[in-house]
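Coordinate inspection notes
Here is how the chains run, residue by residue.
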Amino acid sequence: MSESGCADPAGTIGFFLCQAGQRLRGAAIEAPRLEARRLLAHVLGTTEEALLRDPRAAVPADKAQHFATLLARRVAHEPFAYLIGRVGFWTLDLEVSPATLIPRADSETLVEAALAACPDKGAALRVLDLGTGTGALLLAVLSELPAANGIGIDLKPEAAALAARNAARLGLAARAHFLAGYWAAALAGRFDLILCNPPYIESAAIPGLMPEVARHEPASALDGGADGLAAYRHIIADLPRLLAPRGLAVLELGVGQQAAVEALGRAAGLTPEACRPDLGGVPRALVLRAV
């Protein structure tokens, strides 16, 4: 056994996994051994199972250097998805970058709520995704509604460009178009379905978030102002202009925000129809309907 306490010889898969697990554990990363395997499998272009089958296989020097670089970034709490440049969402594999919020499983609740509210899967719906980021919400819905088309808008041009790449790679570019802009300020016309995961974290709470989020994800996608509701006020006030008659908006909620956001919806003349909980039981996807 080496001085590091790792049983496998230096330079081998087992040695790198052992050392990486120790460093990740020391940095208080959850599931350090799992993350070490996922990261080395990514670098080597193989599977975690293949690593475990042959722990004494040598790691090429260039791959070892790449692994060391990525490991140092993860030890500094950079999100894993940014290291590998990919994330799974719904049934999709999406490119992700530090210009975008990392799509989370909680947000899949919006897709579920939208599909449940639009039972005619063959309807030629016009869909709008505000604050699109990776394009996750729009692309997931379009992947399930083959006659629908949509527009995604993000404040950051680099995010809109990334979303367009995701659409092209998924074969959805003909039905999904992405623009850079401030919410829907530059848009005219009406939409049957509007999706939005706005920034909803109270400004003062952001420094206390886990470092992966507070230090690395874009503040513009997190900061909801002093009470977490600033973006909702702006977006909901614009919904009557944007929604077609009987059109639907599905908004992601933060913890404890249902009543306040429903009140904003009613004040704008919209009817709260449903609020779907996420897997943890938190009310997460609020459905508002236009008259």
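A few points on the structure. Please read these numbers as outputs of a predicted model, since none were measured by experiment.

Some remarks on the packing of aromatic side chains
In total, this model carries 2 aromatic pairs according to the counting rule given. Residues F15 and F16 carry aromatic rings whose centres are separated by 6.1 Å and whose planes lie at 80° to one another, so their mutual orientation is edge-to-face. When sorted by exposure, F15 lands in the same class as F16, which is buried. Here the aromatic rings of F16 and F67 are separated by 6.2 Å at their centres, their planes lie at 85°, and the arrangement is edge-to-face. Of this pair, F16 sits in helix α1 (residues 13-26) while F67 sits in helix α4 (residues 61-75), and the two are 51 residues apart along the sequence. Taking relative accessible area as the criterion, F67 reaches 2% and is therefore assigned buried.

Considering the environment of R37
Tracing the backbone through its elements, the reader meets R37 in helix α2 (residues 32-44). Remark: the alpha-carbon pair of R37 and E112, spanning 75 residues in sequence, is separated by 32 Å. Beyond its immediate stretch of four places on either side in the chain, R37 contacts L17, E48, L51 and L52.

About the criteria used
- Residues numbered from 1 in each chain as written.
- Predicted model: local features only at pLDDT ≥ 70, side-chain atom pairs only at ≥ 80, totals over all residues.
- Heavy atoms only, no water.
- Phe/Tyr/Trp six-rings, centres within 6.5 Å; stacked < 30°, edge-to-face > 60°.
- Buried < 20%, exposed > 50% of the residue type's maximum accessible area, 1.4 Å probe, protein only.
- Helix = DSSP H or I, 4+ residues; strand = E, 2+ residues; numbered from the N terminus.
- Contact = heavy atoms within 4.5 Å.

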